[in-house]
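What follows is the residue order along each chain.
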Amino acid sequence: MSNKFKQLLASSSIIVAGLALTACSGAKQNGGGSNKKSSASVALITDIAGVDDHSFNQSGWEGMVAYGKSQGLKRGTNGYQYFESSSASDFTPNINQAVAAGYKTIFGVGYSLKGAIASAAKKHTDKNFVIIDDVIKGQKNVASANFKSQDASYMAGVIAAKTTKTNVVGFIGGVHGDIVDLFDAGFAKGVQDTAKKMGKKITILNQYVGSFTAADKEKSIAKAMFAKKADVIFHASGSAGQGLFSEAKAIDEQLPANSSKKVWAIGVDSDQSNLGKYKAKDGKQSNACLTSVMTGVNVAVKDIATKAAKGKFPGGKQLVYGLKHNGVYLTRGYVSASVWKQVQAARTDILNGKIKVPSHPSK
């Protein structure tokens, strides 16, 4: 879920420093030190949410920084770099800029770059290309990276069902599609299975923003869900999810930090606890982010880049990252010890095949 929908491998200061490089329109590639491994050089093309989206792009860049460090590379020519897109019209120019700068392996973050990556790969057969969160078939110089996000979302459903005091929880999606379906379906199944075990009925409110960037619209959706007594809401909506956090904090700021009426947001893709920070009515610092469903874009980027550096680029293959190697996982966040234990039990059952998590919501 590139827009969509953290064990940080680099500090936020690295990301902030990275903002010196902007979209192709007026963008200039930031220089770095002298890198000698041109065959190990990598570039990342963001989608329109930008590199500091608290989501896919940010995670991908963190993975690239970690890769560069592991290879002794510096940011810049023959090393690693990102090219930020402010609109879809920037995708192809940014890819062309990365190609012209000599980067060997070029990552496109998110399914919206599928067409641009596929086209560029046909023109530049001497380069490696990677599409994150989609599949490009039949091109030997393109690798596809996807994630079993439904499994981690199931675990988030367990947490939501165990945490809710009102027996009403919510899911807010960005745009309908196969990728967001993974989060939607997994979360619903986790809530339903857990509610059944507890002998409870838990209502799941479900609504889509129709965008991965419209935070104001998501804030309105969240407000309506909270008004309907939801006290835990999970989003898979990219940067639009900031609207959910804004509304959750607006409610919680009016309450003491330990209030039983506190509401929670569940983050997605990266550790979004930084979006949940607020000061409660009693003056105490608190957080509205219960946990985050992590999509290991950083894991995939570092893994594929490392393979490419070793001359083993997985061209023509689809790589799927799941729970086993932390391709998807949950942050501990503010989950209680007893609930966390049950979440880990669910993780084990998923890995052992005892729990089958659907890829699409039931109709």
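Residues numbered from 1 in each chain as written. Predicted model: local features only at pLDDT ≥ 70, side-chain atom pairs only at ≥ 80, totals over all residues. Heavy atoms only, no water.

Q: Would you explain the nonpolar core in this entry?
A: In a soluble, globular protein the nonpolar side chains are often hidden away together inside. Core analysis: the largest hydrophobic core is formed by 66 residues, its most contacted members being F107, I132, F187, I266 and L330. Apart from the residues lying within four places of it in its own chain, the contact partners of F187 are S153, Y154, A156, G157, A160, V169, G170, F171, F234 and I266. Counting 21 residues, the second largest nonpolar core, distinct from the first, contains I221, F226, F245 and A265. (Core = buried A, V, L, I, M, F, W, Y, C linked by side-chain atoms within 4.5 Å. Buried < 20%, exposed > 50% of the residue type's maximum accessible area, 1.4 Å probe, protein only. Contact = heavy atoms within 4.5 Å.)

Q: Before we go on, may I ask you to explain the packing of aromatic side chains in this structure?
A: Here a ring pair, both rings aromatic, is described through the centre-centre distance and the interplanar angle of the planes. Applying the stated criterion to the full structure yields 12 aromatic pairs. Between W61 and Y82 the ring centres are 4.8 Å apart and the planes differ by 75 degrees, which places this aromatic pair in the edge-to-face class. Residue W61 is found in helix α2 (residues 56-71), and its partner Y82 is found in strand β2 (residues 80-83); the two are separated by 21 residues along the sequence. One exposure class covers both W61 and Y82, and it is buried. (Phe/Tyr/Trp six-rings, centres within 6.5 Å; stacked < 30°, edge-to-face > 60°. Helix = DSSP H or I, 4+ residues; strand = E, 2+ residues; numbered from the N terminus.)

Q: How do you make sense of the pattern of salt bridges when you look at a structure like this?
A: Oppositely charged side chains may form a pair once their charged atoms are brought near each other. One pass over the full model with this rule turns up four salt bridges. Among the ionic pairs, K189 bridges to D193, the shortest N-O distance being 3.4 Å. On the criterion of helical spacing, the pair formed by K189 and D193 is a turn pair, its members being four residues apart in helix α6 (residues 178-198). Note that K219 and E247 form a salt bridge whose closest N and O atoms lie 2.7 Å from each other. On the criterion of sequence distance, the pair formed by K219 in helix α7 (residues 215-227) and E247 in helix α8 (residues 242-252) is long-range, its members being 28 residues apart. Classification of K219 as partly exposed rests on a relative accessible area of 28%. (Salt bridge = Lys/Arg side-chain N within 4 Å of Asp/Glu carboxyl O.)

Q: Got a minute to help me understand the sheet that holds strand β7 (residues 203-208) in this structure?
A: Sheets are built from strands that pair by backbone hydrogen bonding, the pairs being arranged parallel or antiparallel. Read across the sheet, six strands follow the order β7-β6-β8-β9-β12-β14 without closing on themselves; strand pairing throughout is mixed. Both outer strands of the open sheet, β7 and β14 (328-330), are each paired with one neighbouring strand and no more. Taken over all neighbouring pairs, the strand axes of this sheet differ in orientation by 15 degrees on average, direction set aside. The pairing of strand β9 (residues 264-269) with strand β12 (residues 289-295) spans five bridges and is classified as parallel. Counterpart to G267 in the pairing with β12 is S292. (Pairing = 2+ DSSP bridges. Axes fitted to C-alpha atoms, helices over the stretch in contact; angles between N-to-C directions.)

Q: Whenever I open this one, unusual backbone geometry confuses me. Can you help?
A: Note: most peptide bonds trans; most residues except glycine with negative phi. A positive phi angle, near 70 degrees, is found at N78, a position not held by glycine. Mapping N78 onto the fold places it in the loop between α2 and β2. Unusually for a residue other than glycine, K229 sits at a positive phi of about 85 degrees. With relative accessibility at 56%, the residue K229 sits in the exposed group.

Q: What is the right way to read the packing of α2 against helix α9 (residues 297-309) from this model?
A: The description of two helices packed together rests on the angle between their axes and the distance between the axes. Interhelical geometry of α2 versus α9 gives an angle of 40 degrees and a closest axis separation of 7 Å. The element α2 and its partner α9 pack so that their crossing is right-handed. Note on element contacts: α9 touches α2 through V297, N298, V301, K302, A305, T306 and A309, opposite F56, S59, G60, E62, G63, M64, A66, Y67, S70 and Q71. Residue classes in the contact of α2 with α9 are distributed as eight nonpolar, seven polar and two charged. (Left-handed = near helix turned anticlockwise from the far one by under 90°. Nonpolar A, V, L, I, M, F, W, Y, C, P; charged D, E, K, R; others polar.)

Q: Any chance you could explain the sheet that holds strand β5 (residues 142-147) here in plain terms?
A: If you walk across this open sheet you meet the six strands as β2-β1-β3-β4-β5-β13, and the pairing is parallel. Sheet topology places β2 and β13 (318-321) at the edges, where each strand pairs with a single neighbour. Across the sheet, the axes of successive neighbouring strands diverge by a mean angle of 20 degrees, strand direction being ignored. The strands touched by α2 within the sheet are β1 (42-45), β2, β3 (105-109) and β4 (128-132), with β2 carrying the most contacts at an inclination of about 165 degrees. Packed onto the sheet, helix α4 (residues 114-123) meets β3, β4 and β5 and runs at close to 165 degrees relative to β4.

Q: Teacher, can you tell me more about the pairing of β4 here?
A: Each regular strand shows side chains that alternate between the opposite faces of the sheet. Here β4 lies mainly inside the structure; five of its five residues are buried. In β4, alternate side chains face the same way, and those of N128, V130 and I132 on one face and F129 and I131 on the other are all buried. In this sheet, β4 lies alongside β3 in parallel orientation, the contact comprising five bridges. Bridge pairing links F107 to V130 in β4. As for the winding sense of the linkage, the β-α-β connection from β3 through α4 to β4 is right-handed. (Right-handed = clockwise from strand over helix to strand, strands pointing away.)

Q: Sorry if this is basic, but what is going on with the environment of S336 here?
A: Mapped onto the elements of the fold, S336 is located in the loop between β14 and α10 (337-351). Given the relative accessible area of 36%, S336 is considered partly exposed. Measuring from C-alpha to C-alpha, the distance between S336 and L290 comes to 9.9 Å, with 46 residues separating the pair along the chain.

Q: Any chance you could explain α6 here in plain terms?
A: Residues lying three or four places apart along an α-helix face the same way, a consequence of the helix completing one turn every 3.6 residues. End to end, α6 covers 30 Å across 21 residues, agreeing with the expected 30 Å (1.5 Å per residue, within 8%). Most of α6 is tucked away, with 15 of its 21 residues classed as buried. Trailing α6 by a residue or two, G199 shows a phi angle of about 70 degrees, which is positive. (Expected span 1.5 Å × (residues − 1).)

Q: Hey, could you run me through the packing of helix α5 (residues 149-163) against α6 in this one?
A: Contact geometry for α5 and α6: axes closest at 6 Å, N-to-C directions at 40 degrees. One finds that α5 runs oblique with respect to α6. For the pair α5 and α6, the sense of crossing is right-handed. Two secondary-structure elements touch here, α5 through S149, Q150, S153, Y154, A156, G157, V158, A160, A161 and K162 and α6 through L182, F183, G186, F187, K189, G190, V191, D193, T194 and M198. Per-class residue counts for the contact of α5 with α6 are 10 nonpolar, seven polar and three charged. (Parallel < 35°, antiparallel > 145°, perpendicular 65-115°, else oblique.)

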